[in-house]
Amino acid sequence: MALVDTALDAGVLTVTLDDEPRRNALSTDLLIELVDILDAADADPAVRVVVLTNTGSVFCAGANLSEQSSAAGGRTVDMAAVFARFRRSPKPYIGRIAGHCVAGGMGLAAAMDISVAVDSAKFGFTEVRVGVAPAMISVLCLPKLREADARAAFLRGNRFPAAEAARIGLINAAVPAAELDAAVAEIVADLLAGGPEAIAASKRLLAEVPGMPVDDAFAWTQRFSAELFTSDEAKEGMGAFLAKRPAAWVPPTDS
C-alpha cells in the first residue's frame, strides 16, 4: 500500500502524505516513496507546481519514533538531503497543510516555498518533550523566525495555533478549512503565470544570495540578470507584455 499518493492535473502535481494510522510520520518507507516522487517531479517538464498535502487530521508528526527496521530493499534516506532538496529544486512547492504539524513536520512545513494551513491545526517544536532538540529542522526554521519567537518555541516545546505559526513566519497563512482549497488555488494560479525558468531562477536567488558577501552578490546577480534577459523565455514574456497577450506558458482560462 502506497504511503504517498500523487495526482497530476494541468501542470500541478498534488503529493499527498497518506499514512494516516502513523500520523504521516517520516518513516523510512514514506521518505523513500516521497524522494522517488520528487525526483520524478523535478525531472518532468509537465510538472510546473508541486502541492504537498495530507490525509487525516495530521499533516506530519515528525520522525517515526517506533520504527525498528529499515525499509525493504535495504535503502536508507538522508533526512537532511530530503529537507534541502525543496530549497534546491527548480520547481515551486506549496504546502497545503490540512492538519496538525509538529516536530520534524515543522521542518517539512518550513521547507515549502509557500504554505497555507487550516486554522484548526496545531504546530509545535515538541522535541524537548521527548528529550531531544529540533536539530536538523533548525536549519530551515531559524531563518524564518525572530530569535525571540524561536527561543520560546524551541525551549517550551508547546503546541500553538496555525495563526501563531503564520505570525512568527513559519507558514504564510492560516485559513478556515472551507477556504483552504481556494487559498491554494490562488497561489497556484500566480505560480503558473510566471515563466518556469524565471521561477527556477528566483528560487536560485533565494537559495544562494543570502549566503554571499554583498559585493560578490552584486557581481554574480549582475551576470545572472544579463543571462536571464537574453533568454528565449524572457523574449517571449516581454513580447507578450508589449502585445498585451498572455505569455505562452500561461494556462488558458475558461471562457
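Refer to the structure printed above.
Residues numbered from 1 in each chain as written. Predicted model: local features only at pLDDT ≥ 70, side-chain atom pairs only at ≥ 80, totals over all residues. Heavy atoms only, no water.

**Student:** Hey, could you run me through a positive patch on the surface in this one?
**Tutor:** Together, Arg23, Arg129, Arg156 and Arg159 give the surface a local cluster of positive charge. Structurally, arginine 159 can be placed in the loop between helix 5 (147–156) and strand 9 (160–161). Here arginine 159 falls in the partly exposed class, since its relative accessible area comes to 48%. (Patch = residues over 30% accessible without salt bridge, like charges linked within 9 Å, V, L, I, M, F, W, Y side chains within 5 Å. Areas by Shrake-Rupley, 256 points an atom, 1.4 Å probe, with all protein chains shown as cover. Salt bridge = Lys/Arg side-chain N within 4 Å of Asp/Glu carboxyl O. Lys, Arg positive; Asp, Glu negative; His and termini not counted. Charge placed at Lys NZ, Arg CZ, Asp CG, Glu CD. Helix = DSSP H or I, 4+ residues; strand = E, 2+ residues; numbered from the N terminus. Buried < 20%, exposed > 50% of the residue type's maximum accessible area, 1.4 Å probe, protein only.)

**Student:** Mind showing me how you'd approach the pairing of strand 2 (residues 12–17) here?
**Tutor:** Working note: regular strand, side chains alternate between the two faces of the sheet. Most of strand 2 sits out of view: five of its six residues are buried. Of the pairings in the sheet, the one linking strand 1 (residues 4–9) to strand 2 comprises six bridges and is antiparallel in character. Paired with aspartate 5 across the bridge in strand 2 is threonine 16. If you look at the hairpin formed by strand 1 and strand 2, you'll find two residues sitting between the two strands, and alanine 10 has a positive phi there, around 50 degrees. Bridging between strand 2 and strand 3 (residues 49–54) involves six bridges; their strand directions are parallel. In the strand pairing of strand 3, leucine 17 is matched with asparagine 54. (Pairing = 2+ DSSP bridges.)

**Student:** Looking at this structure, I do not really get the sheet that holds strand 9. What am I missing?
**Tutor:** Neighbouring strands of a sheet are bound in pairs by backbone hydrogen bonds; such pairs are parallel or else antiparallel. Taken together, the four strands give an open sheet; going across it, the order is 4-6-8-9, and neighbouring strands pair in mixed fashion. The sheet is open, and its two borders are formed by strand 4 (58–60) and strand 9, each paired with just one other strand. As paired strands, strand 8 (residues 122–124) and strand 9 are joined by two bridges and run antiparallel to one another. Among the inter-strand pairings, phenylalanine 123 is bridged to a residue of strand 9, identified as phenylalanine 160. Contacting strand 4, strand 6 (100–102), strand 8 and strand 9, helix 3 (residues 104–111) runs over the sheet at an angle of about 105 degrees to strand 6. (Contact = heavy atoms within 4.5 Å. Axes fitted to C-alpha atoms, helices over the stretch in contact; angles between N-to-C directions.)

**Student:** Help me understand the packing of helix 8 (residues 196–208) against helix 9 (residues 214–229), please; the structure alone is not making it clear to me.
**Tutor:** Packed helices, taken two at a time, are described by the angle their axes make and the gap between the axes. Between helix 8 and helix 9, the least distance of the axes is 12 Å, while the angle of their chain directions is 175 degrees. Here helix 8 is positioned roughly antiparallel relative to helix 9, judged by the angle of their axes. Where helix 8 approaches helix 9, its residues Ala201, Arg204, Leu205 and Glu208 are matched on the opposing element by Trp220, Thr221, Phe224 and Leu228. (Parallel < 35°, antiparallel > 145°, perpendicular 65-115°, else oblique.)

**Student:** When you look at the sheet that holds strand 3 in this model, what are you seeing that I'm missing?
**Tutor:** Taken together, the six strands give an open sheet; going across it, the order is 1-2-3-5-7-10, and neighbouring strands pair in mixed fashion. This sheet does not close on itself; its edge strands, each paired only once, are strand 1 and strand 10 (173–175). This sheet shows a mean twist of 20 degrees between the axes of neighbouring strands, independent of strand direction.

**Student:** Can you walk me through the layout of surface pockets in this structure?
**Tutor:** Taking a probe equal in size to a water molecule and rolling it over the atoms shows the remaining empty space. Estimated volume of the largest pocket: approximately 670 Å³. Taken together, 27 residues line the largest pocket, and the ones lying closest to its centre are Arg87, Ala110, Ala111, Asp113 and Lys144. Of all elements in the fold, only helix 2 (79–88), helix 3, helix 4 (135–141) and helix 8 reach the threshold of two or more residues within the lining of the largest pocket. Split into classes, the residues belonging to the lining of the largest pocket amount to 20 nonpolar, three polar and four charged. Quantified by volume, the second largest pocket comes out at close to 530 Å³. Lining the second largest pocket are 26 residues; nearest its centre among them are Gly62, Ala63, Leu65, Ala103 and Gly104. Broken down by secondary-structure element, the contributors of at least two residues to the lining of the second largest pocket are helix 2 and helix 4. Looking at the lining of the second largest pocket, the element that brings in the most residues is helix 4, giving three residues. (1 Å grid on protein atoms, 1.4 Å probe; cavity = no way out; pocket = protein on both sides within 12 Å on 5 of 7 lines; lining within 4 Å. Points joined across faces, edges and corners; volume = space filled by probe spheres on them. Nonpolar A, V, L, I, M, F, W, Y, C, P; charged D, E, K, R; others polar.)

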